[in-house]
Structure formats: C-alpha cells, structure tokens
There are 2 protein chains.
Amino acid sequence: MGPITNGRVLFNAVPEDYPVPGETTVYDTTQTIDLENVPLNCGFLVKILVLSVDPYMRGRLRAAEGKSYMPAFILGDPITSGGIGVVLRSEFTGVAVGSHVRGLVLHQEYIIAPDLTGLELIEKDPRLSWSAYIGAAGMPGETAFMAWKEYSRAKQGEIVFVSTGAGPVGSMVIQLAKQDGLKVIASAGSEEKVKFMKEIGADVAFNYKTTDTRAVLEKEGPVDIFWDNVGGETLDAAMEFAALHSRIIECGQISGYNGVPPPMKNPALIIAKCMHIHGFLVRYLRPKHAATFRAEFVPKIASGEFKFTEDVSRGLQTVGDVILAVQKGTNTGKAVVVVADE
Amino acid sequence: MGPITNGRVLFNAVPEDYPVPGETTVYDTTQTIDLENVPLNCGFLVKILVLSVDPYMRGRLRAAEGKSYMPAFILGDPITSGGIGVVLRSEFTGVAVGSHVRGLVLHQEYIIAPDLTGLELIEKDPRLSWSAYIGAAGMPGETAFMAWKEYSRAKQGEIVFVSTGAGPVGSMVIQLAKQDGLKVIASAGSEEKVKFMKEIGADVAFNYKTTDTRAVLEKEGPVDIFWDNVGGETLDAAMEFAALHSRIIECGQISGYNGVPPPMKNPALIIAKCMHIHGFLVRYLRPKHAATFRAEFVPKIASGEFKFTEDVSRGLQTVGDVILAVQKGTNTGKAVVVVADE
C-alpha cells in the first residue's frame, strides 16, 4: 500500500458575515501520505475518527490581525477543532498503537503528532460512541457542567432561563438545572428542538422565532439565572425580567458572531438588580472541575440518565456545510463529523 | 416660644434631563411647628442637623409609574435622603433627648418619628463631625468598603481603575486599593480633583475631560479591577483594556442618570476576557460587613489615616443647587447640607 490521499479542510477566505461552504473553507485532496513509511521522528501517527464543529469556531475564521481569545485560523492551512483519533503507528513512549487521543486537532484524515502536547490519551465507556467524547462527555458537556457548578449558585425552586436549550451545552444545562430542583425556561429555534427540550425536562420550552421571548419571561419569570448562549435581544430580555441578585452565565453570544456584535441595551440594570455576570472559557475551569466531571457527569451520560442528541455527518468534505449549519442553528443536536471508522 | 417655620424641600416637577433648582425641587416655608407642644403620640421629635446629597437621588426624581430599585419621590411631598438629627423631645422608650439618629429622613427642619423604623441611634467619634457620618463614615464609605471587600478579590500588584476617584466613594476605593498593594489609576473631571487623587495615593490620576481615558488605560493597564461609577464610554474603555479574569464592580452609571442610559458597546468581551461583573446595592451588603466597617474602617477615618473631603453648604434652601452639582460633578468632595447646628 503506497501513498494515499490525506484529505484536509483548509481556511481559504475570511467570510464577511456567515461562512460560505467551499469558499470560507475548502476540502483539499492534494496531499498524500504513506501510512506505512512516513517518518514519525519519535512521534506517532493518528487516524482522525471524529471532529467537533462548535459555534466558537466562527471567531477563528477571521483575519490574522484581529485580536480575540483564540488565534485566527491561518489562511491556506487546515483548520482545527476538538477531535479524537486512533494511533496507527508510534515511536513515542507511552502512546501505544490502538490507543486513542483527544485534543484540538487538524482537520485532516491523518496527522503526525510529535508528542502529547495539546492531546490526552482517552478511554471510552463501551456504552458510548467516540463522538460522545467530543459532545456531552467532551467539551460542550464540560462547559455546561463546570460553569453551572462554578457560577450558578443554584437554589431549589429558583428559575433558570436557558437559551439554545436544544444545543449540546444548553441541553446539558437544562438537565443540570432540573437535577438541582429549578424551574427551567428554555428557548430554541424550531418545533423539533422545543419537543426535545420538553423531553429532557424543560418546564417551559418555546420557539423564539414564533414566540416573543419577553412575553414568556414576563409570564414565567423573574429569572434567577440566565444561561446566555446568544447575547443581543435575548440578553436584553433576560435582564429586563431578571430577579434581584440574579446571575448571568455568559457562555456565548452567537447573535453577534456573523455580523456586528449587538450592545447590551441597559447595563444600568446590573446595579438596580444586583446582578452578577460571569464570563468564562472552559479551559480555565478544567483544573478545578475535570475530576468531578469524569467521576460524576460522564457516567450519567453513559447510563442514559442525561440525554443528548447528535447531528452526525460523514466525511471531511461536509465540514464547510456543518460550520454554516452551526452558525445558523439548522443542525439538531451536537454537530459531529465522522471522518473515518476505526 | 410658639410655632416656628418648619422649612421643607418638596419634589415639585419631574425633570427632563438635569434637575432644575427651584423647579424640580422647591424650598417651602408654609409649614409651621410648635416644638414644645406638638403631640408626639409616643414617638420623638428630631431636629435635622445634616443631610446627604448623593448621585442615586436622581433616580427618585421621576414619575411615579417608572420602576426602579427605589420608589420615586412623591410630587408635592418632601424628598428624603440620608441624614442625622438630634432628639429634642421623646416619648419613645430607648430614645433619650439629646441622642442622635441616622437614617433616610425627610428634607425638613424638624421631623416627628413614630419609632426607630429606618433609623438607628448613632454615636460620634469626637474627632469627627456629624457630616462625616453621612459621608466617609456613612453610606458612601460603606459602599466603598463593603463592595471592595465582597467583590474585588484584590491581589497585591494588580491594577485597579477607579472612576470619579475624587468622589466620596471613589476616594475611599483608591485608599482601600493602595492599602491592598494595588496600582491605582483614577479619573475625575477637574485639575483640583486630580490633585486630590494624587494626594490620597493614586499612582496615575487624570482629568477625563482633557485626557483620553482609552489612551491612559492602554498605557497603564491592563485593568484587573474597574470600579464603575459612571458607565457609558468609560465602562466601554475599561472593558476594552481589561485583563483576563478581571472584575467590574458596578457601583453607579451617572453618565446615564440625566438622559438616555448608554448601552454597553461590546458585551462579547465579558466572555473573551472571562470577566466578572458585580452589581450591588449597599443595603444588601450591610448584614455581612457592617460590624467590620465600624470596627476597622471608621477608626481609620477618625484617625486621619484615610482622608476625605466635604463640600458643605448651609440651609435647606441650597438642596436644589446641591442636587444639580452632584449630577454635574461640580462639587468637590462629599456633598453635605448642614441644616442646623446642635
């Protein structure tokens, strides 16, 4: 078996607003790899199995000079995201053939890693697929679990409002909040998503495209905790109907990712309602919460006590479409690209 | 001695933007009181000595139907604010003639209190005047001390930016921050105030009317803690030059009190910088911090270790002008109205 194609997804052009499949990113087949003979230089060869596509990636599809909390993708180079692969060959002590690694990886069928920098060896519960480990049992699950533990100060009987409640983070937040005895109001952008939010326990679930968020919050609030994945008008509404001493957990503001970021209309409410707003990036919460996440949360995913959905597409050539779907919210469940089977 | 005039300050008209002395509030002399014979009905008669004029009062000079964290003043009735008086006569057990009470009191030369609701008996350190007890040793001092203790999570060597740093709250925050070993950047609106901020320890003090706030913060930041008394562009600038894991203590947003409240331009920074924003009202911090404030902070005021300035005017007829001065920032030091001497 000689050289074979090593398919890649390259960052090709900075999008003006929404990313354009085949333009913003392109699927490239010009590179080849000889799996048996490619030199490893004391590293190891990984076959990518699954890749995660997440909302935050939009921020990296920008010009290099723009500042943000993650560097811009490099034009002409493969993009990266959370992923899992299996080791095909190894010259690296401690990484055996057949073991699995998880981390921020290139969108490429095969990668050669010099060492474990940015990667971790990972084992799978037999009841779960690998894709779960980049979803409910991976970064989005960690995001929900760790920030809820750290910032919600949830008390039984309180009211939480979760935006994008059918998404990989929001759906976990709904279930964490129900476990803590809260009343859950949850919003999403389709009837199918509303149905799913009810199935996982939301007391009040609504389609924000057909129902006025302010009217729902006025009736069902005041909101003690707002889990913000969207920003903009939803954040303004949550603040308007927030309770005294309320907490806002700032996880995302996707309403501003593909255009001009919307302002917060009335920040004076922060004082009047003694609000606490917590922005976070999950990487800073891992040192404190990773062990509890693995010990307490992942088993609930594996046992089915916590439910999750996946929207799976196959092949690196689909990545561009999936990136757009995640920005538009047309996916249902955690967006996962299966690159190869084991 | 028969009935004498009981001067009052009445809420007369809702202002459109800045309050107008003699129109928004009026000094009224139509009421009389017979100090010796007025029935007390088991209450006590108080002669008001000093009254506090504070930025938040603008929020109460509104139409009754507007919602906020404090009720609107009632048109035609006397306004209220923090004040201290001496008891002239008493039928109330536990309140002796000659004792002093502090609380939210009517702007009136003499009041009859039915009981101690909203009032507390208070003693004075001989080194301080009564006015200090509605300033550095009163609500503004409490505001600075309690929120700093509760929310700053200050660490030695960090950088704090204090807006309205020459004011009764900001000047205390500067001194608290220096005591904790921070680098202090402070802004105010006149050269005289800049001089005072330097005297009390600000490392970098500037006049925001003549110096660009963003340029100062870009050079002297990044800002670990922002003490916000103004909101608007100053808040936007502080967020732009905030450090990762920074804290914003939302004490006031006076830039929006006399017009349209300005938005927060870029709330997405809350996530990117993992910021924590804490709104508060001092009344909710008192149960936890009042004892420490009395035991630790007031002695530092009395000894002169912590410095403060007062801008004293005499007589209830000056209240309207003082209210306007506090909104415009033309006062220098804590605005105090001395109504009467003991």
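Residues numbered from 1 in each chain as written. Chains lettered and ligands numbered in written order. Predicted model: local features only at pLDDT ≥ 70, side-chain atom pairs only at ≥ 80, totals over all residues. Heavy atoms only, no water.

- Chain A carries the name Enoyl reductase (ER) domain-containing protein in an unreviewed UniProt entry, which gives Mycena maculata as its organism.

1. A closer look at the state of the cysteines
Consideration 1: Enumeration according to the criterion identifies zero disulfides over all chains in this entry.
Consideration 2: This cysteine, Cys 274 of chain A, is not joined by any disulfide, and Cys 251 of chain B carries the nearest cysteine sulfur, 11 Å off. (Disulfide = S-S within 2.5 Å.)

2. As for the packing of aromatic side chains
Residue and element names in this part refer to chain A.
Consideration 1: In total, this model carries 22 aromatic pairs over all chains according to the counting rule given.
Consideration 2: Aromatic ring contacts, followed pair by pair, group Phe 145, Phe 293, Phe 297 and Phe 306 into a single cluster.
Consideration 3: Note that Lys 328 overlies the ring of Tyr 18, its terminal NZ or CZ placed 4.4 Å from the centroid. (Phe/Tyr/Trp six-rings, centres within 6.5 Å; stacked < 30°, edge-to-face > 60°. Lys NZ or Arg CZ within 6 Å of the ring centre and 35° of its normal.)

3. What to know about empty space enclosed by the protein
Residue and element names in this part refer to chain A.
Consideration 1: Applying the stated rule across the entire model yields two cavities of 30 Å³ or more.
Consideration 2: Taken as a whole, the largest cavity encloses approximately 70 Å³ of empty space.
Consideration 3: Together, 14 residues line the largest cavity, and Ala 136, Pro 168, Phe 308, Thr 309 and Lys 334 are the ones closest to its centre.
Consideration 4: Grouping the constituent residues of the lining of the largest cavity by class yields six nonpolar, six polar and two charged.
Consideration 5: The space that makes up the second largest cavity amounts to roughly 40 Å³.
Consideration 6: Of the residues in the lining of the second largest cavity, the class split is four nonpolar, three polar and one charged. (1 Å grid on protein atoms, 1.4 Å probe; cavity = no way out; pocket = protein on both sides within 12 Å on 5 of 7 lines; lining within 4 Å. Points joined across faces, edges and corners; volume = space filled by probe spheres on them. Nonpolar A, V, L, I, M, F, W, Y, C, P; charged D, E, K, R; others polar.)

4. Focus: the relation of the copies chain B and chain A
Consideration 1: With an RMSD of 0.0 Å, the fit of chain B onto chain A corresponds to turning through 180° and sliding 0.0 Å along the axis. Both copies are brought into coincidence by an operation consistent with a two-fold rotation axis.
Consideration 2: Same-surface contact between copies: 100% of interface residues of chain B are shared with the interface of chain A. (Least-squares fit on C-alpha atoms with pLDDT ≥ 70 in both. Contact = heavy atoms within 4.5 Å.)

5. Things to note about the interface of chain B and chain A
Consideration 1: Across the boundary between the two partners, chain B contributes 28 residues, which contact 28 residues of chain A.
Consideration 2: Taken together, the two surfaces of chain B and chain A that pack against each other cover about 2,300 Å², and 69% of this comes from carbon and sulfur.
Consideration 3: On inspection of chain B and its partner chain A, the count reaches zero salt bridges.
Consideration 4: Between the two partners, chain B and chain A, sit nine residue pairs in polar contact (both at pLDDT 80 or more).
Consideration 5: For the side of chain B that touches chain A, the secondary structure elements donating two or more residues are strand S14 (242-250), helix H6 (269-272) and strand S15 (276-279) of chain B. (Buried area = accessible area lost by both parts, 1.4 Å probe. Salt bridge = Lys/Arg side-chain N within 4 Å of Asp/Glu carboxyl O. Polar contact = N/O pair within 3.5 Å; in protein donor to acceptor, adjacent residues only side chain to side chain. Helix = DSSP H or I, 4+ residues; strand = E, 2+ residues; numbered from the N terminus.)

6. Overview of the pairing of strand S2 (residues 8-11) of chain A
Two faces make up the sheet, and in a regular strand the side chains alternate between them.
Residues and elements named next belong to chain A.
Consideration 1: Judged by which residues are buried, S2 turns out to be covered on both faces: Arg 8 and Leu 10 on one side and Val 9 and Phe 11 on the other are all buried.
Consideration 2: Sheet topology places S2 next to strand S3 (residues 25-28); four bridges connect them, and they run antiparallel. Its bridge partner lying in S3, Arg 8 is registered against Asp 28. (Buried < 20%, exposed > 50% of the residue type's maximum accessible area, 1.4 Å probe, protein only. Pairing = 2+ DSSP bridges.)

7. Re helix H4 (residues 213-220) of chain A
Residue and element names in this part refer to chain A.
Consideration 1: Among all positions of H4, only Thr 213, Val 216, Leu 217 and Glu 220 are buried. Taken end-on, H4 shows its buried residues confined to a sector of 95°, consistent with a single buried face. Facing away from the buried surface of H4 by more than 90 degrees, the exposed residues are Glu 218 and Lys 219.
Consideration 2: On its buried side, H4 packs onto strand S10 (159-162), strand S11 (183-188), strand S12 (204-207), strand S13 (223-228) and helix H5 (232-240). (Arc of directions from axis to C-beta.)

8. Re the sheet that holds S11 of chain A
Consideration 1: Ordered by their spatial adjacency, 12 strands build an open sheet running S12(A)-S11(A)-S10(A)-S13(A)-S14(A)-S15(A)-S15(B)-S14(B)-S13(B)-S10(B)-S11(B)-S12(B), and the pairing between neighbours is mixed. Every interior strand has two partners, whereas the edge strands, S12 of chain A together with strand S12 (204-207) of chain B, have only one. The average undirected angle you get between the axes of adjacent strands in this sheet is 15°.
Consideration 2: Helix-sheet contacts for helix H3 (residues 191-199) of chain B involve strand S11 (183-188) and S12 of chain B, and the interaxial angle to S12 of chain B is about 170°. (Axes fitted to C-alpha atoms, helices over the stretch in contact; angles between N-to-C directions.)

9. Focus on the environment of Ala 202 of chain B
Residues and elements named next belong to chain B.
Consideration 1: When you line up the elements, Ala 202 lands in the loop between H3 and S12.
Consideration 2: When its relative accessible area of 8% is taken as the criterion, Ala 202 is described as buried.
Consideration 3: Once the C-alpha coordinates of Ala 202 and Ala 132 are considered, the two residues, 70 residues apart in sequence, prove to be 22 Å apart.

10. Concerning the side chain of Asn 6 of chain A
Residues and elements named next belong to chain A.
Consideration 1: Inspection of the secondary structure puts Asn 6 in the loop between strand S1 (4-5) and S2.
Consideration 2: What makes Asn 6 buried here is its relative accessible area of 2%.
Consideration 3: A polar contact of 3.2 Å, which involves the side chain of Asn 6, links it to the backbone nitrogen of Glu 109.
Consideration 4: Among the polar contacts made by the side chain of Asn 6, one reaches the main-chain amide nitrogen of Tyr 110 at a distance of 2.9 Å.
Consideration 5: Look past the residues within four positions of Asn 6 in its chain and what remains in contact with it is Asp 28, Gln 31, Thr 32, Ile 33, Gln 108, Glu 109 and Tyr 110.

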